[in-house]
Amino acid sequence: MKTTDNTLMAQVSNGEISKLAMLFERHHRALFRYFVSMNRDRDVAEDLVQDVFFRILRYRTSYDPGKPFTAWMYQIARHASVDQAQKRGGEVVGIAEYAGWHVEPASPAAGPEERASHNQSLGLLQRAMNRLPDDKREILVLSRFQGLKYEQIAEVLGCEVGTVKVRIYRAMRALEQIYLAMEKEKAS
Amino acid sequence: MTCDQTKALFADYWSRSLSGTNEAALEVHLAGCEACRGELDRLGRLWRELELLPAFEDAVEPGPKLRPRFYETLSAYRQGLESAPAPKLPPGPRLASLWPRRVAWQVALSCALLLMGIGIGFAVRSAPAESRGSEVAQLHAEVNNMRQLVALSLLQQQSASERLRGVSFAYRVEPSDSEVLAALLETVNHDPNVNVRLAAVDALHPFAASPAAREAVIQALPRQTTPLVQVALIDLLVDLKEKEAEPELRRLAGMASDPGVRQRAQWALEKLQ
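Let me begin by describing the structure that accompanies this report.

Definitions and limits used
Residues numbered from 1 in each chain as written. Chains lettered and ligands numbered in written order. Predicted model: local features only at pLDDT ≥ 70, side-chain atom pairs only at ≥ 80, totals over all residues. Helix = DSSP H or I, 4+ residues; strand = E, 2+ residues; numbered from the N terminus. Contact = placed C-beta atoms within 7 Å. Nonpolar A, V, L, I, M, F, W, Y, C, P; charged D, E, K, R; others polar. Buried ≥ 20, exposed ≤ 12 C-beta atoms within 10 Å, placed from the backbone. Axes fitted to C-alpha atoms, helices over the stretch in contact; angles between N-to-C directions. Parallel < 35°, antiparallel > 145°, perpendicular 65-115°, else oblique. Arc of directions from axis to C-beta. Left-handed = near helix turned anticlockwise from the far one by under 90°. Core = buried A, V, L, I, M, F, W, Y, C linked by C-beta atoms within 7 Å. Domains from an automatic or database assignment.

Description of the overall build of chain A
Per the secondary structure count, chain A includes 8 helices and 0 strands. Beginning at the N terminus, the succession of helices and strands in chain A can be written as α-α-α-α-α-α-α-α. Considering only intrachain contacts with a sequence separation of at least 6, the fraction spanning at least 24 residues in chain A is 62%.

Overview of the interface of chain A and chain B
Contact residues are listed per partner, giving 43 residues for chain A and 36 residues for chain B. Counting only elements with at least two residues in the side of chain A that touches chain B, the list comes to helix 2 (20–39), helix 3 (42–58), helix 5 (112–131), helix 6 (134–145) and helix 8 (161–187) of chain A. Classifying every residue of the side of chain A that touches chain B by side-chain character gives 25 nonpolar, 7 polar and 11 charged.

Overview of unusual backbone geometry
All names here are of chain B. The phi angle at Arg-16 is positive, at roughly 55°, despite the residue not being glycine. Locating Arg-16 in the fold gives a position in the loop between helix 2 (10–14) and helix 3 (20–32). Judged by local crowding, Arg-16 falls into the exposed class, with 7 C-beta atoms found within 10 Å. A positive phi angle, near 50°, is found at Lys-241, a position not held by glycine. Residue placement: Lys-241 occurs in the loop between helix 13 (227–239) and helix 14 (246–255).

Examining the packing of helix 13 of chain B against helix 15 (residues 259–272) of chain B
Residue and element names in this part refer to chain B. It is at 10 Å that the axes of helix 13 and helix 15 come closest, and there the two elements cross at 5°. Accordingly, the angle class assigned to the pair helix 13 and helix 15 is roughly parallel. Contact with helix 13, carried on its side by Pro-227, Gln-230, Val-231, Ile-234, Leu-237 and Val-238, involves Gly-260, Val-261, Arg-264, Ala-265, Ala-268, Lys-271 and Leu-272 of helix 15 and no other residues of that element. The class makeup of the residues in the contact of helix 13 with helix 15 is 9 nonpolar, 2 polar and 2 charged.

Side note on helix 1 (residues 5–13) of chain A
Residue and element names in this part refer to chain A. By the burial criterion, the buried members of helix 1 are Leu-8, Met-9 and Val-12. Looking straight down helix 1, one finds its buried side chains confined to an arc of 95°; they lie on one side. Along its buried surface, helix 1 packs onto helix 2 and helix 4 (69–87). A positive backbone phi angle near 110° is found at Gly-15, which sits one or two residues after helix 1.

Remarks on the packing of helix 14 of chain B against helix 15 of chain B
All names here are of chain B. One can describe the packing of helix 14 onto helix 15 by two numbers: an axis separation of 7 Å at closest approach and a directional angle of 145°. Two packed elements cross with a definite hand, and for helix 14 against helix 15 that hand is left-handed. Facing Glu-246, Leu-249, Arg-250, Leu-252 and Ala-253 of helix 14, the residues of helix 15 in contact are Val-261, Arg-262, Ala-265, Gln-266, Ala-268, Leu-269 and Leu-272. Per-class residue counts for the contact of helix 14 with helix 15 are 8 nonpolar, 1 polar and 3 charged.

A few points about the nonpolar core
Phe-35 and Val-52 of chain A together with Leu-184 and Leu-233 of chain B are the most contacted members of the largest nonpolar core, which totals 108 residues. A domain-level breakdown of this core finds at least three residues from each of domain 1 (1–93) and domain 2 (110–188) of chain A. Discounting residues that sit within four places of it in the chain, Leu-184 of chain B has contacts with Ala-170, Ala-200, Ala-203 and Leu-204 of chain B.

Right, dumping it as structure tokens:
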């Protein structure tokens with residue numbers, strides 16, 4: 001049977017440092033995507049993944065095995081991200097500079113016009129996401145991209161579950177407003 | 001239910017985690033409120049479209065250097081922990097009070113301590129190989145443990161190339177490692193990718209000393225349907241000079257659907273005579 005993240009982290013916490021390798025294999029991709037979604041820079045995202053696992057080692061004794069490992073890891077990831085942003089003086093790489101970022105093509109069955117429209121609409125949504133304020137983008141990233149449950153997000157952000165749900169609604173409204181404004185800009 | 005109370009349920013509705021009571025209350029409100037209905041619909045569409053963005057799926061992958069960097073850091077951290085000196089404690093006032101004040105006593109005590117030190121040195125030197133040997137053995141066990149973890153982790157990955165890397169890591173663990181052996185056999189029997197299965201068959205060679213491994217290889221043979229893997233397993237059994245495999249080889253020599261496999265099984269039977 002697969003050993004749970006919490007058990008592995010408890011073992012790391014008790015000095016079995018090598019068990020961190022298993023946690024790295026399970027989570028480094030998701031963490032990388034989280035950082036790319038937040039910072040839009042692959043190199044920075046890789047540095048941050050490295051930093052998170054280093055911090056997990058450093059603070060391993062402070063881990064509470066009764067709490068979900070994933071939430072604890074994302075808490076550390078947020079701190080690492082904030083520290084990194086402060087180091088870079090808040091500099092954020094624009095989406096156009098991120099060459100690896102492109103939207104998924106429409107299904108092959110779709111006609112050329114439909115595919116173009118699908119790609120344009122997703123491209124617009126991607127840019128709208130990038131224009132969202134950090135806190136709103138983050139909650140959508142944690143929920144939609146990282147697949148965290150609302151209870152886990154509440155742990156990560158240190159707030160009530162009800163607050164998470166309301167913040168998600170607000171983030172979606174803000175996203176829609178930006179999306180519609182960009183659509184209007186494009187049409188005019 | 002007011003419009004504000006309704007909006008607080010939208011997140012649950014989109015993630016399909018709405019409770020039965022709330023769902024009923026939401027439906028009642030939506031039936032009479034066009035504004036909320038429209039908003040739930042519009043935002044819900046965007047919510048679903050977010051899934052199609054590249055960061056959502058596997059489109060964004062870290063570079064190949066991330067993993068080696070992590071393992072280097074982990075290894076360095078472990079070495080640092082092992083070689084870290086014990087924290088220095090300030091000498092307590094009690095210890096200072098034990099030091100004699102008269103010079104003659106100080107010289108005598110120093111000589112006694114020196115002789116004691118020499119004695120301890122000799123005592124330690126008389127049994128160094130054993131303790132050093134145990135340290136090396138411990139270190140060796142830890143390195144093997146780390147390799148085992150990496151191999152097992154990689155063998156569970158979705159990507160076939162990662163699983164291939166896991167197979168190559170399996171060569172670096174102790175051949176007596178039953179967990180890695182079990183993972184390799186699992187790969188031979190169930191991995192969807194032929195190349196990974198073939199590599200796993202090759203990686204079973206170092207485990208040949210284990211009777212369990214030999215038996216498992218014989219049992220794996222009838223489960224295989226791909227001729228390439230069947231031939232690789234037959235070759236492995238010949239290398240291992242495994243006479244117990246003869247009944248299975250005879251069955252394959254007579255009944256295997258692929259002529260190449262039949263021929264190879266016949267050849268193996270001759271070799272094992």
